[in-house]
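Structure at a glance
What follows is the residue order along each chain.
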2 protein chains.
Amino acid sequence: MILTVTLNTALDITYRVRGLRPHASHRVTEVIERPGGKGLNVARVLAALGHEVTVTGFAGGATGRVVQEQLTATAGVVVALLPVAGATRRTIAVVDQTSGDTTQLNEPGPTVTSAEWSAFQEAYEDLLRGVSAVALCGSLPPGVPVGAYAGLVRTARAAGVPVLLDTSGEPLRRGVAARPDIVKPNAEELAELTGSHEPLRATQDARRRGARAVVASLGAQGLLAVAPEGRWRATPPARVHGNPTGAGDSAVAGLLSGLVEQLPWPDRLSRAIALSSATVLAPVAGEFDRGAYEELLGRVAVTKEACVA
Amino acid sequence: MILTVTLNTALDITYRVRGLRPHASHRVTEVIERPGGKGLNVARVLAALGHEVTVTGFAGGATGRVVQEQLTATAGVVVALLPVAGATRRTIAVVDQTSGDTTQLNEPGPTVTSAEWSAFQEAYEDLLRGVSAVALCGSLPPGVPVGAYAGLVRTARAAGVPVLLDTSGEPLRRGVAARPDIVKPNAEELAELTGSHEPLRATQDARRRGARAVVASLGAQGLLAVAPEGRWRATPPARVHGNPTGAGDSAVAGLLSGLVEQLPWPDRLSRAIALSSATVLAPVAGEFDRGAYEELLGRVAVTKEACVA
């Protein structure tokens, strides 16, 4: 069983409109809804790969009920969301059919009370029992302390459960210092954490800050992994075109499943790249194209780099 | 008891954002939700005026559940919505705090099956018993036949219940021919119905098409009423500035309450104008400012016009 934590779950709503113009009225021609938030996306991909996965985090209000119902109907996913008095946020992606552009409207999410946050920490400790790995993903909702992930990393380490952290800003900075097993920043998050725009230098700096392994996602240039076992670059066989929504979460699912299956690093990275590319190629945002995944898996180039201290 | 019909109920969601720009990502700073659709707005104002009111129409899916719950919590409103398999629509008004502009995104609403439409017609006939007036308001959801309002007008007339119709386009054209007691088109709807942009001529033409009385809402110029009892113009004491959302629905509530209380036409029109202006002045869209309403009520100018055939 793998556990994924999504403190700021969401209902992701996609609207199609013809030509978005400010100050005008628009008829929405298509509405698609699905549970969102990075940890839920990771869980869906893990379940599709055949792993048993439990999702936790918060859900509240009418939107939280929809998220809960849709997740419960997802095969292979055990739902262990905690109730909050506030309403789970909606994110609305308005896709302009004419230009293909997407305009995003993100609700702030519920304000979590300190009692709700305490209840979560207790439930989390219970859920860690018998779990083979945990992923802590995404932004913090209002009310949750900025050091939240640092605390959750420490609890996982105390329980002997490998922990992957995928967040940004101050929660990432504090979380890294608590010594997670893997962090997966993108180039921007890595630069914000370390002050360096040079990926290799920044990745090494992130390790010095406390992460056991750092896997930096560098967009079309693939992944750069620096771990105690060595240093690798993994690149996709070809540039893929499509919707990048959820590609980073699919990479996390690849890394986490590889960790649990005790695959060597090159295989974990190949899987992460193939899943990520297959997600960009899928027609529905956040899903992955299984045929593309299987085809890409053998074609990812992974090169080991000489380690220079 | 007054009955209002809202076949295309909605959850009206208002988002505040700072500077809406297509193709950008926006943090929503405030979220307000309330049941919407013209008949529900009319009912809320009638209830605030002290009338008992029943609301009917369709509600479905998670959004329908929210509409149902919020309405049930509204004092003075009896909820008699019928279930549909499809999901009640959301309308999203994105208010740009910088410019004050509103951008509207309207979901299409559920497709009503013929079985659901039949069930509604039966329930409507039952609800008409013991009702003193009925208002038929707003657009038709997909699946409901274009002659729906004409049928509902005929059923009300057969039951001896006075009926007010407030819709547009072909449903209005067909509905008028079924001889409703009052229609309340705005200038645009009236021009579309009659082909004339001259309000007096168009209003008279709408009566010839079947409406017993026509009350045309002409924006800042107030109301023009043509009825068997005479012809009146009612104008607000001053131009009001604010949010016009729901102002037309408040005017309908004024006309309908005046009809039920058997007020003479000038008093009905004063009430409609005062409620409408007090709605524009209210800080929350669709609510009315009671103090402003009471203050304005005595200051509306109503002039009787000579009747020329």
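Bear in mind the structure is a predicted one, so any value in this text is a computation, not a measurement.

Analysis parameters
- Along each chain, numbering runs from 1 in the same order as the chain's sequence is written.
- For naming, the first written chain is A and the first written ligand is 1, with later ones following in the order written.
- Only residues with pLDDT of at least 70 are given local features in this predicted model, and only at 80 or more are side-chain atom pairs given and counted; all residues enter the totals for whole chains, interfaces and linings.
- Heavy atoms from the whole structure form the basis of all side-chain values; hydrogens and water molecules are not counted.
- Two rings from Phe, Tyr or Trp (for Trp, the six-membered ring) form a pair when their centres sit within 6.5 Å of each other. Planes less than 30 degrees apart are called stacked, planes more than 60 degrees apart edge-to-face, and all others tilted.
- A run of H or I in DSSP counts as a helix once it spans at least four residues, and a run of E counts as a strand once it spans at least two, with each numbered from the N terminus.
- The rule is simple: take the accessible area with a 1.4 Å probe, protein chains only, and divide by the maximum for that residue type; under 20% is buried, over 50% is exposed, in between is partly exposed.
- UniProt positions are given in the numbering used here, feature names are shortened, and annotations may be inferred rather than shown by experiment.
- If DSSP finds at least two bridges between two strands, the strands pair.
- The span one expects for a helix is its residue count, reduced by one, times 1.5 Å.
- Here, residues are in contact when the closest pair of their heavy atoms is within 4.5 Å.
- As used here, buried area is the combined drop in accessible area, with a 1.4 Å probe, of two parts when they are placed together.
- Criterion for a salt bridge: a side-chain nitrogen of Lys or Arg within 4 Å of a carboxyl oxygen of Asp or Glu.
- Polar contact criterion, stated in full: a pair of N or O atoms within 3.5 Å, where within protein one must be able to donate a hydrogen and the other to accept it, and residues adjacent in sequence count only if both atoms are side-chain atoms.
- Here the nonpolar group is Ala, Val, Leu, Ile, Met, Phe, Trp, Tyr, Cys and Pro; Asp, Glu, Lys and Arg are the charged ones; every other residue, Gly included, is treated as polar.
- We define a nonpolar core as any set of buried Ala, Val, Leu, Ile, Met, Phe, Trp, Tyr and Cys residues linked to one another through side-chain atoms lying within 4.5 Å.
- A residue counts toward the fit only if its pLDDT is at least 70 in both copies, and the copies are then superposed by least squares on the C-alpha atoms of those residues.

Quick look at the packing of aromatic side chains
- In this structure the tally under the stated criterion is 10 aromatic pairs over all chains.
- Seen in terms of ring centroids, Phe58 of chain A and Phe120 of chain A are 5.4 Å apart; in terms of plane orientation they differ by 50 degrees. Their pairing is tilted. With Phe58 of chain A in strand 5 (residues 53-59) and Phe120 of chain A in helix 3 (residues 114-128), this residue pair connects regions lying 62 residues apart in the sequence. In this structure, Phe58 of chain A and Phe120 of chain A share a single accessibility class: buried.
- For the ring pair Phe288 of chain B and Tyr293 of chain B, a centre distance of 5.8 Å and an interplane angle of 80 degrees mean the geometry is edge-to-face.

Structural notes on the UniProt feature "domain: Carbohydrate kinase PfkB" (unreviewed entry) in chain A
- Under the feature "domain: Carbohydrate kinase PfkB" (unreviewed entry), the UniProt entry names residues 12-283 of chain A.
- Along residues 12-283 of chain A, the helical share is 39% and the strand share 26%, with 16 Å between the first and last C-alpha atoms.

Points about the sheet that holds strand 6 (residues 77-83) of chain B
Residues and elements named next belong to chain B.
- Across the sheet, 10 strands lie side by side as 6-5-1-9-10-11-12-13-14-15; this open sheet has mixed pairing. Each edge of the sheet is formed by a strand with only one pairing partner; in this case those strands are strand 6 and strand 15 (301-305).
- Pairing of strand 13 (residues 223-227) with strand 14 (residues 230-235) involves 5 bridges; the strand directions are antiparallel. Across the sheet, residue Ala225 finds its bridge partner in strand 14, namely Trp232.

Things to note about helix 8 (residues 247-260) of chain A
All names here are of chain A.
- When the terminal C-alpha atoms of helix 8 are compared, their 20 Å separation across 14 residues agrees well with the 20 Å that a helix rising 1.5 Å per residue should span.
- Listed in full, the buried residues belonging to helix 8 are Ala247, Asp249, Ser250, Ala251, Val252, Ala253, Gly254, Leu255, Leu256, Ser257, Gly258 and Leu259.
- Tucked into the core, helix 8 has its buried residues touching strand 1 (2-6), helix 1 (38-48), strand 9 (133-137), strand 10 (163-166), strand 12 (213-217) and helix 9 (265-281).
- Downstream of helix 8 by a residue or two, Gln262 has a phi angle that is positive, lying close to 55 degrees.

Examining the interface of chain B and chain A
- At the interface, 30 residues of chain B touch 30 residues of chain A.
- Summed over both partners, the interface of chain B with chain A comes to about 2,500 Å²; 52% of that surface belongs to carbon and sulfur atoms.
- Taken together, chain B and chain A are joined by 4 salt bridges.
- Of the charged contacts in the structure, one is a salt bridge between Arg65 of chain B and Glu69 of chain A, with a shortest N-O distance of 3.3 Å.
- Viewed at the interface, chain A and chain B are joined by 18 residue pairs in polar contact (both at pLDDT 80 or more).
- Going through the elements one at a time, strand 2 (10-17), strand 3 (25-27), strand 4 (30-36), helix 2 (61-72), strand 7 (89-96) and strand 8 (102-106) of chain B are the ones with two or more residues in the side of chain B that touches chain A.
- Here the residues of the side of chain B that touches chain A sort into 15 nonpolar, 7 polar and 8 charged.

A word on the nonpolar core
- Membership of the largest hydrophobic core comes to 108 residues, with the highest contact counts inside it found for Leu105, Trp265 and Leu269 of chain A together with Leu105, Trp265 and Leu269 of chain B.
- Ignoring sequence-local partners within four residues, the contact set of Leu105 of chain A consists of Arg90, Thr91, Ile92 and Val94 of chain A together with Tyr15, Val17, Leu20, His26, Val28, Val94 and Leu105 of chain B.

A word on the relation of the copies chain B and chain A
- Of the transformation placing chain B onto chain A, the axial shift is 0.0 Å and the rotation is 179 degrees, giving an RMSD of 0.1 Å. The superposition operator between the copies reduces to a two-fold rotation axis.
- When you check the interface residues of chain B against chain A, 100% turn up at the interface there too, and the contact is symmetric in its surfaces.

Things to note about unusual backbone geometry
- At Arg179 of chain A, a position not held by glycine, the phi torsion is positive, near 70 degrees.
- Assessed through its relative accessible area of 48%, Arg179 of chain A is described here as partly exposed.
- At His23 of chain B, a residue that is not glycine, the phi angle is positive and equals roughly 75 degrees.
- For His23 of chain B, the location among the structural elements is in the loop between strand 2 and strand 3.
- On the basis of relative accessible area, His23 of chain B is assigned to the exposed category, the value being 52%.

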